[in-house]
Every structure is written in C-alpha cells, then in structure tokens.
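Fold and contact review
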Amino acid sequence: MREVDYLEFSRLLSHEERLVRDAVREFVDSEVRPHISRWWTEGAFPSHLVTTMGELGLLGANLPPEYGCAGLGEVAYGLAMRELERGDSALRSFASVQGALVMFPIASYGSEEQKKLLPELASGRVVGCFGLTEPEGGSDPGSTRTRARKRGNTWILNGRKAWITNGTLAHIALVWARDEEGEFRGFLVPTDTPGFEAREVKGKFSMRASVTSELYLDEVALPETAALPGAVGLKAALSCLTQARYGIAWGVLGAAEDCYLEALSFASTRVTFGAPIASRQLVQEKLVRMLAGITRSQLLAYHLGRLKEEGRLRHAQVSLAKRENVRTALEVARTAREILGAAGITVEHATIRHMLNFESVDTYEGTWDIHTLTIGRDLTGHDALR
C-alpha cells in the first residue's frame, strides 16, 4: 500500500491530477527515499535535485505557462506538494519557497523586466529565498526593523532576517523592508551584492535536510528597479504567505501518510505475547485515530483546492487548513512513533524524521495560536492580535 485512501479520495481527482501525483511520487521513490535518511543525518540538502525538480515542472507549478511554469490546477499542485513531503519536508519547503514566496510575488507584483527572472527560477537554474521573518519579529512581520532609504535613484537596505529557507543557496533574495515613510516594500536583492551576507543555521534537530539561514544587509545598495512596483504594503507580503500555507496544508499529508503506513506495517509484524501488536485494542485505537485524522485532512485540502481554483479562497480558510492539517500530521507522527516503540527513535524508520520536521512546520508560516486568532478575528470581527 503506497497511500492512505480509506474513503476513495482518489476518485475525486481528474486524470491529469492522478498523472501529476504519480509522476512526482515516482521521482520521490527513485531519487529521494533511498537517500533521504543519510541526507537528513548529515544535514545536507540535495541541491543536485533542484534542476530535476525544475524539469518536472515542480517550481512555481501553479503559475502560468507564459512564465515558463507548468500551469497546474491548484489540486494538482497540492498533490505534487504532498508527494514531495512524503519524501521529506525539505523538498516541499524548497518548492514552496521557490514557487509561492519568490516566484508568486514576482509574477503578481513585479515589473515586466523582473518577470523575465521567472523562467530561470522555474528551471531551478536560479534559486530564490524570501526574507521576511526577523529575530525579534516572528509572528509579527509588521514590526520589521529592516529599513530601506532612498538616495537619488538608489535604495539602501539595512537589517537582518532569520530562519530563511534556501538562504545560502539563493542567487536572489526577496527582502521586505520599511521605507522612510513607513511603507512596507519588497526588493529583489542579488545575493552577490556588496553588504549582503547569508549564514547557515547549524545544530538543528528538525528540517536537517533543508538549508536554513540568517540574512544580513549592511548598506546594501540597489537600483531603483530592484523594488517590486506592486509589492507595497504588508498585505502584499501576507498574500505570499497565503500561497505557501496552501501548499503546506497539502504537503504534510504525504509525510503523515508515510508515518501511518510505517506504523501499520510495523504493528502487523511486531509480535509480543504471542500475537502481532496490531491485534491489541489500544494499538487499533491509535491506528484508527491516525487514519481518521489523515482522511479529514485530505478532504479539507481537496475542498480548499477547489475553492482556490474557483477564485473563492479566503486567507482565513487557508489558516484553518494550515492549523488543522499540520497539527493533525504532527499528532499522527507522534502516535506512529509510540507504536514503533524503541525502533521509532532511529533514523532507519521515517517516522522520527517526519515527526521532528513537523515540529518546525507546525511553527513556521504561522503558529497554531496565530492561526487560531486569525480565524477568531474572521468569525467575530474582533482582532485579538492587537
């Protein structure tokens, strides 16, 4: 069994959507799964797969073909993210940053000249990162301390960004800063610009196969054309996060399913007191709880995708899916680790790797608490974040 489909979820998918799912799964099975435990243990991102991901159309996959992208529907895109994260959160995270956080804002808010970067980003020949989060900011991006001041036709940027995926891999950084009037703006910063530095974060126990960095900007001088003309105001930056969160809500399903199937297989073969532990009532309860959570998450992600395709998706709905699906996936992984017993703490099994990755995914792109208050504001009209 290669997927969890208790309610025949796959029957909801079109022929094209199944083809996308199967193609990405084949890539992950052949190029990722045989090696991911070693990459994760060594703390190494498989950068050699980036151009392959580009060739498969996985970077900016739901953006229009005129930008060199695959132009997939939103459900097909979600399925691709699910299969990537079935391999490891690092792969889906890379694709999310490249597509949703770098390519989407260029396509949505960039100039025609800036949009010429999109085919290069789609191919993987150019890698991008998204510089929004700061050490003191976290869930409050509006409090950013990075500043941009205008001197003639030149922008001067100063500041620091933290927890940036792809930072030391990137050729281009999309950095968010406040100008002298207090306006929030997005800038495309070539990472070889004098004054720009990316430093990799070491010592992680989560997302070990992903590159995480801090960005430092010290009197970074940029031409006027580096500013994305439409990326003015915090709303523009938050719209990028909505795109990424949508992919996360799908992605975690793949890793959660991997944990469930590993636990089910283990429980069927692990014998104690003369019988497989799968025959025990408590283990069966755990397996049913895991299955129910995954099934709910599948249907939530699917409906979200159809709403997005119809142009009806609201950011609070994405918050609901990110909140519920990631926390469900984390609980599935923790339960799977319980079933695996002592074996569950070794990297020989995928569960502990997924579980530790989920600790980051549960936190980034908005914590459980922040999404709770976002939904609460949508329900009541009262902003508890202030």
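This write-up is about the structure you can find in this document. Keep in mind that this is a model prediction, so the values were computed, not measured.

With that settled, the discussion passes to the overall build of the protein chain. For the protein chain, the helix and strand inventory stands at 12 helices and 10 strands. Considered along the principal axes of its C-alpha atoms, the protein chain spans approximately 80 × 45 × 40 Å. A burial count over the protein chain gives 56% of its 386 residues as buried. Nonlocal contacts in the protein chain, meaning residues at least 24 apart in sequence, comprise 74% of its contacts between residues at least 6 apart. On the protein chain, roughly 16500 Å² of surface is accessible, and the fraction owed to carbon and sulfur atoms is 52%.

Turning to empty space enclosed by the protein, a few remarks are in order. Under the counting rule described, the total for this entry stands at one cavity of 30 Å³ or more. Empty space within the largest cavity amounts to approximately 60 Å³. Considering the residues around the largest cavity, the lining is formed by Asn62, Leu63, Glu74, Tyr77, Gly99, Ala100, Phe104, Gln243, Tyr246 and Lys308. Of all the secondary-structure elements, those providing two or more residues to the lining of the largest cavity are helix H4 (74–87), helix H5 (89–109) and helix H8 (234–269). Sort the elements by how many residues they give to the lining of the largest cavity and H5 lands first, with three residues. When its residues are assigned to classes, the lining of the largest cavity shows five nonpolar, three polar and two charged.

Moving on, we get to a nonpolar patch on the surface. Taken together, the side chains of Tyr6, Leu7, Leu12 and Leu299 make up a nonpolar region of the molecular surface, amounting to roughly 430 Å² of accessible area. In this fold, Tyr6 is placed in the segment before helix H1 (15–32).

Here the focus is helix H11 (residues 350–361). Since the α-helix packs 3.6 residues into each turn, any two residues three or four apart lie on the same face. The end-to-end C-alpha distance of H11, which contains 12 residues, comes to 16 Å, matching closely the 16 Å that a straight helix rising 1.5 Å per residue would cover. For H11, the buried fraction is high: nine of the 12 residues fall into the buried class. Among the residues making up H11, those that are buried are Ala350, Thr351, Ile352, Arg353, His354, Met355, Asn357, Phe358 and Val361.

To continue, consider the pattern of salt bridges. Side chains bearing opposite charge may pair, as long as their charged atoms lie close to each other. The tally for this structure, following the rule as stated, stands at 37 salt bridges. Here Arg25 and Glu3 are joined by a salt bridge, their closest N and O atoms 3.3 Å apart. With Arg25 in helix H1 and Glu3 in the segment before H1, this pair connects stretches of sequence that are 22 residues apart. Measuring nitrogen to oxygen at the nearest pair gives 3.1 Å for the salt bridge that ties Glu113 to Lys116. The two residues Glu113 and Lys116 agree in class, both being exposed. One network of salt bridges, in which partners are shared, links Glu3, Arg21, Asp22, Arg25, Arg82, Glu83, Arg86 and Glu257.

Right, let's get into the side chain of Thr144. Examined against the element boundaries, Thr144 turns out to sit in the loop between strand E1 (128–131) and strand E2 (147–151). The residues touching Thr144, leaving out its near neighbours within four places in the chain, are Glu134, Lys161, Trp176, Arg178 and Phe184.

In terms of burial, strand E4 (residues 172–178) is a largely internal element, seven of the seven residues being buried. Neither face of E4 is open: one carries Ile172, Leu174, Trp176 and Arg178, the other Ala173, Val175 and Ala177, and all of them are buried. Here E1 pairs with E4 via four bridges, running parallel. Looking across to E4, one finds that Phe130 is bridged to Leu174. The pairing of E4 with strand E5 (residues 184–190) spans seven bridges and is antiparallel. Opposite Trp176, over in E5, you have Gly186 as the bridge partner. Two successive antiparallel strands, E4 and E5, enclose a turn made up of five residues, where Gly182 displays a positive phi of approximately 90 degrees.

Definitions and limits used
Residues numbered from 1 in each chain as written. Predicted model: local features only at pLDDT ≥ 70, side-chain atom pairs only at ≥ 80, totals over all residues. Heavy atoms only, no water. Helix = DSSP H or I, 4+ residues; strand = E, 2+ residues; numbered from the N terminus. Buried < 20%, exposed > 50% of the residue type's maximum accessible area, 1.4 Å probe, protein only. Contact = heavy atoms within 4.5 Å. Areas by Shrake-Rupley, 256 points an atom, 1.4 Å probe, with all protein chains shown as cover. 1 Å grid on protein atoms, 1.4 Å probe; cavity = no way out; pocket = protein on both sides within 12 Å on 5 of 7 lines; lining within 4 Å. Points joined across faces, edges and corners; volume = space filled by probe spheres on them. Nonpolar A, V, L, I, M, F, W, Y, C, P; charged D, E, K, R; others polar. Patch = residues over 30% accessible without salt bridge, like charges linked within 9 Å, V, L, I, M, F, W, Y side chains within 5 Å. Salt bridge = Lys/Arg side-chain N within 4 Å of Asp/Glu carboxyl O. Expected span 1.5 Å × (residues − 1). Pairing = 2+ DSSP bridges.

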